[in-house]
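Structural characterization, general
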Amino acid sequence: MMTPKKDMTVMQGLLLGLLLAVMGIVNYLLTADNPLRFDDLIYQYFCQDIDGVMDASELYDTNNRIDSFAEAFQSQCNHYMHHNGRFLLHFLVQSFCGFLGKPLFNVCNALVYMLFLYGCLRLTRVKDLTGAALVVGVLWFLLPVQCIFTMSVAHAVNYLWVSTLVVWFLILLRWVISHQEMSWGVGVLLFLAGLVTGATHEGFTMPLSVGLFVWLLLNYKVKWPVWLLVAGLWLGTASVVLAPATLNRATSVMPAVEGVGDNGLDLKLQALLYSKRLMLLLVVIGIGLWFIGKKRVIAFLKEYIVWLMAIVVNLLLVLSLAQYSQRMVFPLELLSVLLVILLFREFDLNRLVRRVAAVLVIVLMCVHVPVLLSYSGKVSKEYGKMVQSCRETGVARYDSTLVLPKYVSTYINRLRMPFEEKMLSIELGREVKIEE
């Protein structure tokens, strides 16, 4: 017979599982609302081995749709040399877009999102339902451009799936540091885990690799399992960063913000300042560190030096590259949000205050999510009509009556011009024009 304390623990676990399941369903509904969009349209097709070509309309054979893992693998070998170094990620993307299908991806993406949220709870050491509701709410409202989690296969795999891997890598790193006695078989698995994580997205793993390099300089006496895990991360990161396609992309200029390219550091700083959430997060971190006291600040900085170094490196990386887009600062913002959550734990808030805050967050989400799903359906319907119009006449127009409020626009994307216009032209085999 279970004791009241165990009954409470079981109930807390069930409610936490229910919370994660609900969030997974929300992710599924938002993802399923969208057909293949953006880069997904071109990733359906085989990437050819052609030197000196960056234009997708020339690099991809639109008469050859990916229809097997073998074709996806060969396509990604070419892709690695000419278009993008993220072999593992885009192998998955091409498989889902080509032959596995969007319905299967919708389910997988929801499961990955649940794993991401649970990983964030583990990483921030949150075990109670009140804390879990607060963390989920903070991640929901503070993480920017959440449309990259659901609007596109390529975007979700490159950002949500990689975020999940990075979060669980940090959990694994913490575990290895505190349990350094283990067999060589486990050591090999640690190395492989680091290798897979590193070989995903350079925007996440290169700053993390530098942060771990600095940390190991200060903690070089750690035992071999830690070195194996980190060495795997470094090797995987190098495989992406030094890929021929990555080096080609690094020297090209593809500004996503008007006026931000090779035109100077000041314009990139302006673009970063325009990311209000990022500035808010950094200010909150600064204020939080100021108020927790000198001794606790030193302890906090020591424990999370890897994260802080990764944030600094990511910021410097963004400022040094020839291109800029809001997605590029997402790894920085993810770590910043998690640091904010950890800082709040340092203040030991009153239980009543935490419960009131959790209730408020849940109420806000109960209002926001249905509104968001409603607008998602409207955008999906608009997109379907525009694609049909483009197929029939080559011309489509925005629905002038549909306006996305600010509290919706970061979660849902309408047609993104001129990129999506070009992708639709390739997909439909005719030049299309989309008018506002």
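This structure is a prediction, so every number in the text was calculated from the model and none was measured. (Residues numbered from 1 in each chain as written. Predicted model: local features only at pLDDT ≥ 70, side-chain atom pairs only at ≥ 80, totals over all residues. Heavy atoms only, no water.)

A count of helical and extended segments in the chain gives 20 helices and four strands. By residue count, 49% of the 436 residues in the chain fall in the buried class. Total accessible area on the chain stands at roughly 21,100 Å², and carbon and sulfur atoms take up 67% of it. (Helix = DSSP H or I, 4+ residues; strand = E, 2+ residues; numbered from the N terminus. Buried < 20%, exposed > 50% of the residue type's maximum accessible area, 1.4 Å probe, protein only. Areas by Shrake-Rupley, 256 points an atom, 1.4 Å probe, with all protein chains shown as cover.)

Turning to the packing of helix H8 (residues 153–178) against helix H9 (residues 184–198), a few remarks are in order. Relative to each other, H8 and H9 sit at 150°, their axes nearing to 10 Å. Here H8 is positioned roughly antiparallel relative to H9, judged by the angle of their axes. Crossing hand, H8 versus H9: left-handed. On the side of H8, the interface is formed by Leu165, Val166, Phe169, Leu172 and Val176, while H9 contributes Leu190, Ala193, Gly194, Val196 and Thr197. The residue makeup of the contact of H8 with H9, split by class, is eight nonpolar, two polar and no charged. (Axes fitted to C-alpha atoms, helices over the stretch in contact; angles between N-to-C directions. Parallel < 35°, antiparallel > 145°, perpendicular 65-115°, else oblique. Left-handed = near helix turned anticlockwise from the far one by under 90°. Contact = heavy atoms within 4.5 Å. Nonpolar A, V, L, I, M, F, W, Y, C, P; charged D, E, K, R; others polar.)

Before going further, it helps to spend a moment on a nonpolar patch on the surface. On the surface, a nonpolar cluster with roughly 530 Å² of combined accessible area is contributed by Val10, Met11, Leu14, Leu15, Leu18 and Val22. Tracing the chain through its elements places Val22 in helix H1 (residues 4–32). The exposure class assigned to Val22 is partly exposed, which follows from its relative accessible area of 41%. (Patch = residues over 30% accessible without salt bridge, like charges linked within 9 Å, V, L, I, M, F, W, Y side chains within 5 Å. Salt bridge = Lys/Arg side-chain N within 4 Å of Asp/Glu carboxyl O.)

This part is about the environment of Ala199. Along the chain, Ala199 falls in the loop between H9 and helix H10 (202–218). In this structure Ala199 comes out as buried when scored by relative accessible area, which is 12%. Ala199 has contacts with Leu88, Gly236, Thr237, Ser239 and Val240, leaving out every residue within four places of it along the chain.

The subject of this paragraph is the pattern of salt bridges. Using the criterion set out here, one finds two salt bridges in the structure. Close ionic contact of Arg125 with Glu303 constitutes a salt bridge, the shortest N to O distance being 3.3 Å. You can see Arg125 sitting in the loop between helix H6 (102–123) and helix H7 (129–142) and its partner Glu303 sitting in helix H15 (residues 294–303), a full 178 residues away along the chain. In this structure Arg125 comes out as partly exposed when scored by relative accessible area, which is 37%.

One finds Phe116, Trp140, Leu212, Trp307 and Leu338 to be the most contacted residues of the largest nonpolar core, which totals 108 residues. Considering every element that reaches this core, the biggest residue donor is H8, with 15 residues. Look past the residues within four positions of Phe116 in its chain and what remains in contact with it is Leu143, Phe149, Leu160, Ser163, Thr164, Val167 and Leu334. (Core = buried A, V, L, I, M, F, W, Y, C linked by side-chain atoms within 4.5 Å.)

Right, let's talk about the confidence of the model for the chain for a bit. Detailed reading of predicted coordinates is not advised where the pLDDT is low. Of all residues in the chain, 83% attain a pLDDT of 70 or more, and the chain-wide mean is 82. When pLDDT is averaged over each element of the chain, H6 comes out on top at 95 and helix H13 (residues 265–274) at the bottom at 54. Within the model, pLDDT remains below 50 along residues 253–263, and this stretch shows 22 contacts once partners closer than five positions in the same chain are excluded. (pLDDT = per-residue confidence, 0-100.)

A word on the packing of aromatic side chains. Applying the stated rule across the entire model yields 19 aromatic pairs. Centroid distance Tyr159 to Phe204: 6.2 Å. Interplanar angle 55°. Geometry classified as tilted. Here Tyr159, found in helix H8, pairs with Phe204, found in helix H10; they are 45 residues apart in sequence, far enough to count as distant. Both residues of the pair, Tyr159 and Phe204, count as buried. Ring geometry for Phe204 against Phe330: centres 6.3 Å apart, planes inclined by 65°, an arrangement best described as edge-to-face. Placement of the pair is Phe204 in helix H10 and Phe330 in helix H17 (residues 330–346), with a sequence separation of 126 residues. Here a set of aromatic residues connected by ring pairs shows up, and it is made of Tyr113, Phe116, Phe149, Tyr159, Phe204 and Phe330. For Lys378, the ring lying beneath its charged end belongs to Tyr375, and the centroid distance is 4.9 Å. (Phe/Tyr/Trp six-rings, centres within 6.5 Å; stacked < 30°, edge-to-face > 60°. Lys NZ or Arg CZ within 6 Å of the ring centre and 35° of its normal.)

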